[in-house]
Every structure is written in structure tokens, then in C-alpha cells.
Amino acid sequence: MKKKKRSPLFRRLNYFSPIEHHSNKHSQTTREDRDWENVYRNRWQYDKVVRSTHGVNCTGSCSWNIYVKNGIVTWEGQNLNYPSTGPDMPDFEPRGCPRGASFSWYIYSPLRVKYPYVRGVLINLWREALQTHQNPLEAWKSIVENPEKAKSYKQARGKGGFVRAEWPEVLKLISASLLYTVMKYGPDRNVGFSPIPAMSMISHASGSRFMSLIGGPMLSFYDWYADLPPASPQIWGDQTDVPESSDWYNSGYIITWGSNVPLTRTPDAHFLAEARYKGAKVISISPDFAESSKFADDWLSIRQGTDGALAMAMGHVILQEFYVNQETERFIEYAKQYTDFPFLVTLSKENGVYTAGRFLHAKDIGRKTKHDQWKPAVWDEQTSSFAIPQGTMGSRWDGQQKWNLHMIDEETGEPIEPRLSVLGIEDEIGTVRIPYFSNDGNKVLERDLPIKKMNLNGEETYITTVFDLILANYGVNRGIGERSAVSYDDPEPFTPAWQEQMTGIKKEAVVKIAREFAQNAIDTDGRSMIIVGAGINHWFNSDTIYRAVLNLVLLVGAQGVNGGGWAHYVGQEKLRPAEGWQTIATAKDWEGVPKLQNGTSFFYFATDQWRYEDQPISDLASPIAASSRYKHHADYNVLAARLGWLPSYPTFNQNGIDLYKEAEKAGAATPEDVGAYVASQLQEKKLKFAIEDPDNEVNFPRNLFVWRANLISSSGKGHEYFLKHLLGTTNGLMNDDSDSIRPEEIKWREQAPEGKLDLLINLDFRMAGTALYSDIVLPAATWYEKHDLSSTDMHPFIHPFAPAISAPWESKSDWDIFKALSKAVSDLAEEVDMEPVKEVVATPLLHDTMQELAQPFGKINDWSKGECEAIPGKTMPNIQVVERDYKHIFHKMTALGPNVALKPSGTKGMSWSIADEYESLKQRLGEITSDSVAKGCPNISEAKQAAEAILTLSSTSNGKVAVKAWESLENITNLKLKDLAEEREEECFTFEQITAQPKTVITSPAFTGSEKGGRRYSPFTTNVEKLIPWRTLTGRQSYYVDHELMMEFGETMATFKPILQHRPFLSKRPDQEGKEIVLNYLTPHNKWSVHSMYFDSLPMLTLFRGGPTVWMNKDDAEDTDIKDNDWIECFNRNGVVVARAVLSHRIPKGMAFMHHAQDRHINVPGTKLTNNRGGTHNSPTRIHVKPTQMIGGYAQLSYGFNYYGPTGNQRDLNVVIRKLKEVDWLED
Amino acid sequence: MSGQILWGIMPYIVLTIFIGGHIYRYQHDQFGWTAKSSELLEKKKLAAGSTLFHWGLLCVVGGHVMGILIPEGVYASLGISEHMYHKMAIGAGLPAGIAACTGLVILTYRRLFDKRIRKTSSPSDILTLLLLLFMMLSGVAATFLNIDSKGFDYRTTVGPWFREIVLFRPDASLMESVPLWFKFHIVIGYVVFILWPFTRLVHVFSLPLKYLTRSYVVYRKRS
């Protein structure tokens, strides 16, 4: 019976009721009303709780309960039931961070995009055009091909003026632009950008699938974000593979190197604390007193960007003491089996001194074998002659099932006892030239080296081992040669005393830590770990820094051991259910030739940053090489496009559809004929690469989709270049290209284009930088409003997103938006009756395919210079033909195509059939019944269905597929492997299962670690334990990379390269105003935004000063008369940003931190320098592309999407900082 | 006729709204029944203004009780002459009034010109303060103008008028000879009383007097 509620006034009469007193009136009992207590009880009552997670830029997939009350998301709380880490281990929970915990605010915030928006100028033009043109494509043409009209709406970008639009109208506008571009300029002028699929892979796949179906390239992001460590492909042939965070607990010695774990990996940081409780020693290497430094037993405050010098010195100590002075058996054995140390390298002799060249291959020693240019040799102690061990790149593809790490000769089958050094059998102690890089001028070091002379193929050949070269490179004292011995105290590269001048770190500390690191590896069987982070990864020369650092874990045999090795958590890219996702994301189930463009090159040219190069690349070339082949960075990118090293979309200065028609007219019948036609056209220079003339309007990208990202202001390095050239709107660029270097391979147009893009289309739920500069903003669902999947390298399970509420207002999930768009495109294609087309598609030489054997010996042969023939897929990009019918885009988008069953699935050079799984999906997801191309295919029109398909088709989430995958690898390697997955063969993840509890993935050859029996994931453990080769030239971990371009830049081995010498201004410097200071400008992670929440959210803004800030040293500030919280200008020739100064002794002198992704729409005043609002953190930045990261067609240095390619690094920059004279909010 | 409306009918309308309004508010707005302390945002001015105002006001209210509720006869029977009463009323009443006024000026200044207080003020907060200020100033002004010992004696006019109202025998004619200043003071009083239940002033009735006697440990019975 419901108790009648008494009125408050009546209840108030209780006031007069007698009061019971007890204990001598010490306490009393009253009859006062207690109804008010229910308010507090109701506060924590809810109607519904749903498991979901966050995906700003964070793949942490922390499990969250989302609480819904009266249809409103009211709060979120940590969910606790993670899969266990097993006995004797701390568990995953608690996971979560204060940033993520505040997300529910955002759903209903004023920043939420609730409806589709178009800029008023544009929609008026469009409506007018539709009045006068029957055909929507003609209508669109009348706008974009009319310079005045085009300018009117492009100039309005970033200046407000949005009006609400209806979904159908805006989708039709976009479709018209897309199809007009397809027909006029080519499908590869429609471009999509969305980063880090792992953080919400269905949403990523939705647009990626759409782009693939309409023939538009997808841009990579890992390299563009400068999170990709190019050293990883160089050393391991692997994109990035790292231990999950719980594996830190297995470590005995952890160095956090440029990584701020508690700040950037908050939910995982507890494992670091727990590892310490267990007894691990922790070293922090960081210029500033970072949060991670407080975990440390020793903190090395290093001069920023000099980490390579410290690592080289530590390597010097380890090599000296544990390889030369006293041979450590564990290290030597590890080096022989798992690294390229014993492999032989040829030397060239000139004027009595030697220079290291390429590896010695089977072909050189006269061994008759398939792929003899890809099988490097060792010296066998047993036979005192050459041997070709199994597991090399050549044996990966020769079909002989000998691709494994057994140290036996691949021809004779005899065991090999490889010699690590030729010392002892040498014919000579010669002098080898080692390149050395320094701001005081590069120079050549001369070092002693044991050399063996052989007569091979009638030529005197000089050889040595990689190990000998490495010792010479590091300057280790071996007691050979004439030169006087080097001690740790000599300031000779790369001793501890030498590094002290660079890094500012005492040599004694370096010796101590190097010894400890190695000794711990001896005592614990390799459990020495280095956690590396953005602090050392966002530099121009991050790859040389990384190679010097990673050599340390290789030298002590820590890689491939639980608790040991490298741990790189920059970008956190690990999409666990990889194959299923790839199938859907690249629409492999239908067409299958996705255009996967490396983002950095695309933006470098699209934003015309290439026009502003001022430092000739020849300054950076090896002092041994005569000079660099080009002066201009961009010329190398042209070379890379031409030789098939990197993808290059837009590809040709001609529409790929027209090109096909021409080829057909010229008599080409097969794709091979078309390839030959294209090659001949290129050689005759009748056809050109678009990249050779990026400022020609036929080569512009036309439509750019951005979703799940904030490109304009957060990741768009060179912000003002984006505004000026890509968008053509008001910008704050503070220099011009009048005295920049002119390229050789690119047509220079005096007038740089402005406003290349016809449409910038943004799907987002926040009105942030990109949305504000877009032409069209489509309202997207948040993470509490859609079905999706998340996974990460920080832990091994797959986590769901689930809708706690349906997408509010007019927002839709990304999947539904692209579905609606595909319908609009199909409908428009019907309306204008578009015929099916065939298109010529050029793809680069891909890693993990036979194409990685394209260009032997790492020798550069440029067909355009007549050095070789242009052969598609060999000396130039592969040429393929794809047929597209734009009327079918929608049907294909929403159905899983038949190629899943017809063609093999696979990854990383393995393939297997998933026809059975395809059949089961038909049953589980239902078949398409409508009469279309998709009839009978599994239905994936809903995001949840796509998620189910991904889980069923992937080896990490379907046990049967995992076993098939391992069997496939067994066939190549002749190893017993499938036991790694057999125990879980019966499992097939479903969305319901992972919603009930996230599930740990099944061990799969898609990755290199094992989860068997609940083991913690650590990379390369299957390589080490099961003897699966690395996907490198030698099949081993590489100390030596012998590509011609690596020699040109002196990077065949790890070395130290200083940060670029950057002057804020070359000319046209703004007048000095009061005191100014020049500081190195760094943009690390923000504590109260990124990864898991946005800067502009109110709960986060209240935590630190509520607006943009720049941290600087208190003494630097004092010299410049800047006080804490003063407004300051930071500027250089790229642009200016205005922020408040935060003064701290935590920041060393000489550098300034501006935490990245501080949104410009929050509290940014104007500056007189540009007469505009004071920029973003990216305004003073631009990227510098590095030629060695463009290499392709050569073993592990072959292209893969997000695997290799130049990084969009932005740290080698300086800014001028001064107090802002007048704070003007530009509000009048 | 206007006298009858103003002094015969209005008082009952005012009292009805005052009492009814409080009941309504208490029944329907339990969580809004508050003094809306802004001490968190500004302390210094509040400490001075609030102390002066509240203590001054308590004395002023006491003075009103002595002057209006208690008939003149009571004083006469106690042997307190007109002159003595007058001296007492002005000697104690004026300083109290000035203290309360000063406090109120500080509080009003604080509410209008302190940035944080202004930002968090509702229109009713500002209106309440301004009305109180007017009422106080008019009261003090009336007292000042009446400082002459041969002045107007409200104990024979306003006092009886008020007591008759309470006894439901309204007599508007008692107010005829009252000077304008006093009338003005009373009319502003009407406005204040009408708005009272709908502003923060309700906190007057929630003075936690129990705190003075309650035990150290308090249990509440389950209802």
C-alpha cells in the first residue's frame, strides 16, 4: 500500500513533538521529517545501464557503465569485470581516467552538433544552381568551375555562417560533388581521412568502405601523426608490436624514455607502480620533471632531442663490457640466432679505406637458388665457408617451406655455427669510414675493422660481419688496429664522455645504467624493458633515435621475452580483429583494390608545405656520400611515387577512367596490357604523375571527408598552410615562398593555388576546429549512442561500444551516415544514368607480398633517368584495373560481398579460406533479399551486423580461423605452430559475449605474441620461441639496413643525429617588441584532454586555467619579463599562437610546451601579428619529411598502410615568445 | 475612499499574500527555502554588511514591537513619560537604524558591484535588497524628521491602527493625520511583505533556534 504523502507543512509540526534524550542528554532522537534524504537516494537511481567505452583518440577501451535515467545519460562509472590477468598478477581493473569519466557532459553540451549544417553562401549557390540546371552534376559544375562563385564560399570557411540543412538536400549536394569529381578529375580526387580505427573500428570502416567503393583514397594517420616509429619496420619489418601494459609487471628493469605513462596512459599506470612494489627498478629519461619521473629511482634530465646520443653511449658500454671485454653467453647466442649480427656485409675500398656496402647474398657466392638476390649469407665456423641460413626474405617467397629461424643451411640442411665476427679469420685490419653528424659540421670517423678478402665471381671482395661494423660504428675498443684505444672518458663518438657534451647527463650515470640494464637482462633472462614515447618519437630524426634505443634491447637479448623489450605507446594502434576489419574497411569483399595513401605525403603536397623548404636536404646527407641526389625533400617523394615506393593519390595528371579508355583504344585488352600502356606513356612523358605538378588544378584533391578526427586545428601540422592553400581562407602564415628552394622534379608555378578543396565534409558530434572550417558538417553519434568495437595494444581484449541512448536530435552513427550517403550516391547515379566505368589504379610495391622483392640489393634504378625499364609492379607502381558501377554503391555498402568466400582471406603474407564462416554469417546476419548485386549476401546494413562479421572473420576472435591462419604459416615455415590457438578453436566471439564481458583475443599469426594459456602479450615471443622469422631481409632483427638511400643519409646503422637547426625567421621578421626569447617549441600531450576527452569540455577546462596555455621555464620567463598567467605570443614564420604563460621550474630552460589539441574556439584573443585570432598549437608548426622514410620495394622497407612512410614530425622548430602587448578579444 | 483602500483593505490583502505565500512556498518549494548564502564567493564585505544589518535590524524590529504593538498605556502605567519614551526610541532606535542601513548599503554595493556576486544574483535578490534599502531609509528618514520632541506621536495613530487591524477592526481614519514619510514607509512595507514569501527572505522563519539546545548526537526516527 502506498503511504500517503503528508504535506511538508504538516510534517513540520513534528517540530513540536517531544524529543527523547539519552545518555544524560548527550544524544537525542527526533521525529523530524526525513523525506529530503530521498533526493540523495534518487540521485543514484537509474533506469538502464549499458557497457560502452570512449574513443577520442584513446583505444584504452576501459570498460564503463553508462547510466541512463529518464532517457538521459546521467553519468558513467567504471565497470570492473575484466578478463583476469591470471594468478600472481595484478588485475586490469581499476581502469579509467578522470577525462573519460567526464564524457557524459559532452552529449548535451553546447558544442554538440545536432543537425546537418551547410555554410549559407554555399547552400544558396547550390539551390540557385539547381533551379537553372536539370542535371545536379551540371549544377555543381556551374559552382566549382566558376572562379568567383567557388571563391565566395571557400573564402567564407572558418567564419561561421552555418545554416541548418535537411539530410536529403545535403547528401545530394555531397553526392553531386563526388560524382562530378569522379567523372571530371578521377575517383582518386575524393579523399577520406579518419585515424586510428582501433578506437572505434566500425565507424572508421564505414567511411573507409564507402571511399573504397567509390574509388577514393584513404589517408594514413599513424605516420601523419608522427606516432609511427619508422625504426620498427626498419628493424623488425613490423608496423609496431608492443607488450600489453600488464606485462610491465613481469619486468625487472624499466626505462621510461620520453614516455609519460601516468599522464598519457592513466588506466595502465598502476602496473608500473605494481612493478615497483615487486622490485623492478625504474629509470626516467625526460627533459622535464614529468609525472613518470616520480616513479623513477633515477631521473636523467636530458637535453631535448639528444636521446640518440645517450642511447649510443649506453650501447657503447654494453658492447664494450658484455660483448668484447667479457663475452656474455646469453647475449652472444641471442645475437647469433635472432639478429643480423652474423650476416656478412660487403665493403668497397677507395684510397685505402673501406666503406660498408650491402649484404653479401647467395648470388654473390655463386649459390644457385631461387631469389638468390634476397638470401644474405653468414660464415659457417663448421665448414669454414659461406652458408645461407633458412628464414631469409628469399626463402619466405621461394615456396621451399624453409622460412624459419633454424640455424641450418637452406640448401644442405646442415646445422650452421655462424661466426659473429671475422676477427680471428681476418685477412686485414682495415680502416672503415663511419659517418658522423653534428651541428658543428658532419664528418667521417675512421675506425678499425677486421676484413676478410675473397675472390668471388672473379672479383676481389671485401667482407665483414654486421657485428664487426656495429663495434666499429659504436667506437668500441677491441684492441685491434693502430689507433690508440678509446676509453669512456675520451670525448670520442660514441663514448659516455662524448654524450655528456650533447645530453648534459653525467657519464658515470650512463655507465651505471647501461651496466644495470644489461646485468638485469642476464639475471632475469631478458626482462629489461624500455617504454618509449612521443618525447623521443616526434622528431625529424626519430628513427635514428629509436634505432639507437632499440639496439639496447636487442643487445641484451630482451626482445621477445615477457617483461622485456621495447614498449612503444604512441598512437596505441592495435586493431586486434584485423582481417575481418580489413575486409569490410577496404571493401575487399567487392572490388578489392583499395587506395591507401600515406597521409604525410598527401598533406605535404595538398597544403603546399613543399613550397616552403629552406634547408637543403643535402645538409643532412652522409659525409661519406658525395652529396644527396636531390636538394629538395619533395623530389624524393616524386622518386618514391615513380618507383612504386610510396602510393601517390591523386596518381596521374589524368583521370584514371579516361586513361583506361585511352589504353583500350590503343589496343590494351588485359590488365597487363593496360600496365604496359601506362608504363610506356610514362616513359614517353606523355603521362605524368600528379605529384610532379601538385599545383595544377587537374591534380587537386577535390573532396575531403574527415570523421573521428579533428584535422584542422588538432592534427593539421602546418595549420596556416592548410588554411591558405588547401582551404583558401584567411590565414596567419608569416612567410612566403619567394626564396625557398626550387625542386628539380616538380613543376614550379609562380602563383601558388589557394582553396584547392571543393568540399571539406566533416562528420562529428562537436563543433570544433574541423567542423568550423568545413563546408558541410554532419551530426555524428557519440560513443554512448552506437554499436562499435574497440581494441588496443595496452591490453588484449576486444571491447564493445553500445548505445545507451539512441542518437539524439538528427545525429546518426558514422555507419548510418555513410550508408545514407552511399544511397544518395547510388540514387544520383541512377538519376543521371551513369554507366559502369573502368579505372586504372596504381598501387605501390607492398610489404608482405612478392612485391617486396621488387628492387634487389636496395639499389635505386630510376626508369625516368633511363637506368632501367619501367615495369609495373617491379620498377614502378603496380597497375591494376577496377570496374565500378556507382549505381550499386549502396547495395555493396550494406552487404558482405561474395569475394569473402571466393578469394582467400589473410594478412601478412599468409592466406586461408573463410568460405565456411561466410556461410555461417548468412545464417546469423540474414541474407539480402532485394533483387540487386547483393542478393543472397550476408546483411551488414546495421553497424552491429558489421561488428559480428568482423568478429567472425578474424583470426583473433574466431578460433577456427586462428587455427587456419596458423596452418597457413606452418605451410610457409615448416614449423609446428597451431597449438598456440588449438585450445580455443571452438570459440567464436559474438557481440553479445563481449558485451557481457570483454574477451581476451585468441593467439593469431596476425601478431607476434602469444596469449596461450592466459599468458600476457609480449611482442615477438612467437618469433623467439617458435622460430618464426621476422619479415625482414635477413629474417632476423636488423642492426644493419643496406638500402642505397640509407647510405646516402648515413643511416645503415644506428647513429646520433642532432635536431634540425631551425631559425624562426629567415627574413621579414616582425619588429621586435619588448623582450623576446627563442625557445624550442614542443607540443606534447595535455593532461586534461587527449586521449580520452576534449579540451573544450567544461569539466576539463575547470581543471587548469580554462584556456590555452604554454609552459615555460621560470628563468626564461623572467629574462623576458613574463609573469605567470600573462598572455604571450609564440610565433615563427609558420604562424602565431596566443596563450597564457605557465611558469614552472619543471620545464628546463630553452624549451616551451604547448600541449596539443587546445581548441582554438576556447578563449583565444587576437594578435596584431596577423590581425586575427591567435592560432592553434599547430600554427607555428610545419612538417619536415625525411627521404629515408620513403624507401620502398625493398624487403621490410616496402610500403604498407600506416606501416612505412615519412612521418609528419613537427618538433624540430623554434618559436619567438614575447608578452602580448594588448589583449584584444576582437569582439567589437 | 482611497484611505479606506490603502489603510483598511490593503493590509488584509498584504497579510493574505504574506501568509498564503509562505504556506504555498513551503509546500511546493522545499529546496528553494533558503537564505542563498553567497559567503563562498565573497567573505569580507559580507561579514561587515551582514553583521551590521542583521543585528541592527533585530533592534529595529524590537523598536517596532515596543512602539506599535505595545500600547502607550502600558508605558504610562510603568511611569515612562512621553518624553522619556521618545528619548529612548530615538537614542536607541536611530543608531540601530543607522547600523542596519549601513549594513544594507554594504550588502547592496556588494551585490551590485562584486563581479562574482553579481554574476550569481537573480533579479529577486537584487530587488529584495533595493526594497529593503528603501524601506530602511524611509524609516530612518521618518525618525530623523520626527526627532523634535513635540513631533508626531505614532503611538496614538499608527500603533492603534496596526493593533486594530490585527483584531480585525480596521480603522483607516487613524492614519489620516500620519505624515507622508511614515505613510511612505508603510507602503514600501506592503511591497516588501507581498514579495517576501517569494524571495530569499523566507529564511527569517528558518532560524535554527534548536541548535542552541540540541544534544551532541542526534538520531532521526524512521518515519
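Rules used in this analysis
- Residues numbered from 1 in each chain as written.
- Chains lettered and ligands numbered in written order.
- Predicted model: local features only at pLDDT ≥ 70, side-chain atom pairs only at ≥ 80, totals over all residues.
- Heavy atoms only, no water.
- Helix = DSSP H or I, 4+ residues; strand = E, 2+ residues; numbered from the N terminus.
- Rg over C-alpha atoms; globule rule 2.2 N^0.38 Å.
- Buried < 20%, exposed > 50% of the residue type's maximum accessible area, 1.4 Å probe, protein only.
- Areas by Shrake-Rupley, 256 points an atom, 1.4 Å probe, with all protein chains shown as cover.
- Lys, Arg positive; Asp, Glu negative; His and termini not counted.
- Charge placed at Lys NZ, Arg CZ, Asp CG, Glu CD.
- Core = buried A, V, L, I, M, F, W, Y, C linked by side-chain atoms within 4.5 Å.
- Domains from an automatic or database assignment.
- Pairing = 2+ DSSP bridges.
- Salt bridge = Lys/Arg side-chain N within 4 Å of Asp/Glu carboxyl O.
- UniProt positions renumbered as here; feature names shortened; annotations may be inferred.
- Contact = heavy atoms within 4.5 Å.
- Polar contact = N/O pair within 3.5 Å; in protein donor to acceptor, adjacent residues only side chain to side chain.
- Axes fitted to C-alpha atoms, helices over the stretch in contact; angles between N-to-C directions.
- Parallel < 35°, antiparallel > 145°, perpendicular 65-115°, else oblique.
- Left-handed = near helix turned anticlockwise from the far one by under 90°.
- Nonpolar A, V, L, I, M, F, W, Y, C, P; charged D, E, K, R; others polar.
- Buried area = accessible area lost by both parts, 1.4 Å probe.

1. Structural notes on the overall build of chain A
Point 1. Helix and strand counts for chain A come out as 39 helices and 40 strands.
Point 2. In summary, chain A has a C-alpha radius of gyration of 31 Å against a globular reference of 33 Å for 1228 residues, a match within 12%.
Point 3. Once the C-alpha set of chain A is aligned to its principal axes, its extents read approximately 105 × 95 × 70 Å.
Point 4. The proportion of buried residues among the 1228 residues of chain A is 68%.
Point 5. In the form shown here, chain A has an accessible surface area of approximately 39,800 Å², with 48% of it arising from carbon and sulfur atoms.
Point 6. Positive and negative side-chain charges in chain A, numbering 136 and 154 respectively, have mean positions lying 5 Å apart.

2. Some thoughts on the nonpolar core
Side chains that are nonpolar tend, in soluble globular proteins, to be buried together.
Residue and element names in this part refer to chain A.
Point 1. Counting 148 residues, the largest nonpolar core has W248, I255, W257, I318, Y323 and F341 as its most contacted members.
Point 2. Considering every element that reaches this core, the biggest residue donor is helix α12 (residues 307-325), with 11 residues.
Point 3. Both of domain 1 (235-323 + 491-567) and domain 2 (1074-1217) provide at least three residues apiece to this core.
Point 4. Core analysis: the next-biggest nonpolar cluster, separate from the first, contains 102 residues, L125, W581, I584 and L789 among them.

3. Looking at the pairing of strand β14 (residues 353-359) of chain A
Residue and element names in this part refer to chain A.
Point 1. For β14, the tally of buried residues reaches 6 of 7 residues, placing the bulk of the element in the interior.
Point 2. Inspection of the sheet shows strand β13 (residues 344-350) paired to β14 by 5 bridges, in the antiparallel sense. Bridged to E350 within β14 is V353.
Point 3. Counting the residues between successive antiparallel strands, the hairpin from β13 to β14 contains 2 residues, one of them, N351, with a positive phi of roughly 50°.

4. Examining unusual backbone geometry
Point 1. Residues E93 of chain A and P94 of chain A are joined by a peptide bond in cis, for which omega reads 5°.
Point 2. Along the chain, P94 of chain A turns up in the loop between β5 (72-78) and α3 (104-107).
Point 3. Here the bond from Y649 of chain A into P650 of chain A is cis, since omega is -10°, no more than 30 degrees from zero.
Point 4. Within the secondary structure, P650 of chain A is located in the loop between α22 (633-642) and α23 (656-665).
Point 5. At F168 of chain B, a position not held by glycine, the phi torsion is positive, near 60°.

5. Here we look at the pairing of strand β4 (residues 64-69) of chain A
All names here are of chain A.
Point 1. Across the 6 residues of β4, 5 count as buried, placing the element largely inside the fold.
Point 2. One ladder, built from 5 bridges, connects strand β3 (residues 48-52) with β4; its direction is antiparallel. Bridge pairing in β4 places K48 opposite V68.
Point 3. Here β4 folds back onto β5 in antiparallel fashion, the turn holding 2 residues, of which N70 has a positive phi close to 50°.

6. A word on the pattern of salt bridges
Residue and element names in this part refer to chain A.
Point 1. Under the counting rule described, the total for this entry stands at 106 salt bridges over all chains.
Point 2. Across the pair E244 and R1016 runs a salt bridge whose closest N-O atoms are separated by 2.6 Å. Of this pair, E244 sits in the loop between α9 (231-236) and β10 (253-257) while R1016 is found in the loop between β32 (999-1000) and α36 (1021-1026), placing the two residues 772 residues apart along the sequence. The exposure classification of E244 matches that of R1016, with both residues buried.
Point 3. One salt-bridge network, held together by shared partners, links D238, R396, D848, E852 and R1031.

7. A word on the UniProt feature "binding site: heme b 2" in chain B
Residues and elements named next belong to chain B.
Point 1. UniProt records the feature "binding site: heme b 2" for H64 and H185 in the present numbering. For this annotated set, covering 122 residues, all C-alpha atoms fall within 12.5 Å of each other, a compact arrangement in space.
Point 2. In this structure, H64 sits in helix α2 (residues 44-69).
Point 3. Contact partners of H64, with chain neighbours within four places excluded, come to L69 and H185.
Point 4. A polar contact is formed between the side chain of H64 and the backbone oxygen of V60, at a distance of 2.9 Å.
Point 5. On the secondary structure map, H185 appears in helix α8 (residues 180-195).
Point 6. Sequence-distant contacts of H185, defined by excluding residues within four places in its chain, comprise H64, M135, S138 and G139.

8. Concerning the side chain of R163 of chain B
Residue and element names in this part refer to chain B.
Point 1. Inspection of the secondary structure puts R163 in helix α7 (residues 158-166).
Point 2. Buried within the structure, R163 lacks any salt-bridge partner; E164 is the closest side chain of opposite charge, at an N-O distance of 6.2 Å.
Point 3. When residues no more than four places from it in sequence are discounted, the contact partners of R163 are I68, L69, I70, P71 and R155.

9. Side note on the packing of helix α6 (residues 123-145) of chain B against α8 of chain B
Residues and elements named next belong to chain B.
Point 1. With their axes 9 Å apart at the nearest point, α6 and α8 run at an angle of 155° to one another. By the angle class used here, α6 and α8 are roughly antiparallel. In this structure, α6 crosses over α8, and the sense of that crossing is left-handed. Residues L127, L131, L132, F134, M135, S138, G139, A141, A142 and L145 of α6 form the contact with α8, whose participating residues are W181, F182, F184, H185, I188, G189, V191, V192 and L195.
Point 2. Residues that form the contact of α6 with α8 fall into these classes: 15 nonpolar, 4 polar and no charged.

10. A few points about the sheet that holds strand β20 (residues 528-532) of chain A
All names here are of chain A.
Point 1. Pairing is parallel in the open sheet, where 5 strands are placed in the order β12-β11-β10-β20-β21. Each edge of the open sheet is held by one strand with a lone partner, namely β12 (298-300) and β21 (565-568). On average, each strand axis in the sheet is tilted by 20° relative to the strand beside it, whichever way the strands run.
Point 2. Pairing geometry for strand β11 (residues 281-285) and β12, over 3 bridges, is parallel. If you follow I285 over to β12, its bridge partner there is L300.

11. Looking at the UniProt feature "domain: 4Fe-4S Mo/W bis-MGD-type" in chain A
Point 1. The residues that UniProt annotates with the feature "domain: 4Fe-4S Mo/W bis-MGD-type" are residues 47-111 of chain A.
Point 2. Secondary structure content for residues 47-111 of chain A is 6% helix and 28% strand, and the end C-alpha separation is 26 Å.

12. As for the UniProt feature "binding site: Mo-bis(molybdopterin guanine dinucleotide)" in chain A
Residue and element names in this part refer to chain A.
Point 1. According to UniProt, the feature "binding site: Mo-bis(molybdopterin guanine dinucleotide)" maps to D227 in the numbering used here.
Point 2. Looking at the element boundaries, D227 is found in the loop between β9 (218-219) and α9.
Point 3. Residues in contact with D227, not counting those within four places in the same chain, are Y222, N537, H538, H568, V570 and G571.

13. Looking at helix α20 (residues 578-585) of chain A
Point 1. With 7 of its 8 residues buried, α20 of chain A lies for the most part within the structure.
Point 2. Remark: A587 of chain A follows α20 of chain A within two positions and exhibits a positive phi of approximately 55°.

14. Here we look at the domain arrangement of chain A
All names here are of chain A.
Point 1. As assigned here, chain A comprises domain 1 (235-323 + 491-567) and domain 2 (1074-1217).
Point 2. The centre of domain 1, based on its C-alpha atoms, is set 25 Å off from the matching centre of domain 2.
Point 3. Contacts between domain 1 and domain 2 engage 19 residues on the former and 25 residues on the latter.
Point 4. Interface area, domain 1 with domain 2, both sides summed: about 1,900 Å², of which 53% is carbon and sulfur.
Point 5. Three residues, H538, W539 and F540, lead the burial of domain 1 against domain 2; their summed loss comes to 31% of the area buried on that side.
Point 6. One can count 3 salt bridges joining domain 1 with domain 2.
Point 7. Of the charged contacts, one joins K1087 and E291 as a salt bridge, the two residues approaching to 2.8 Å between their closest N and O atoms.

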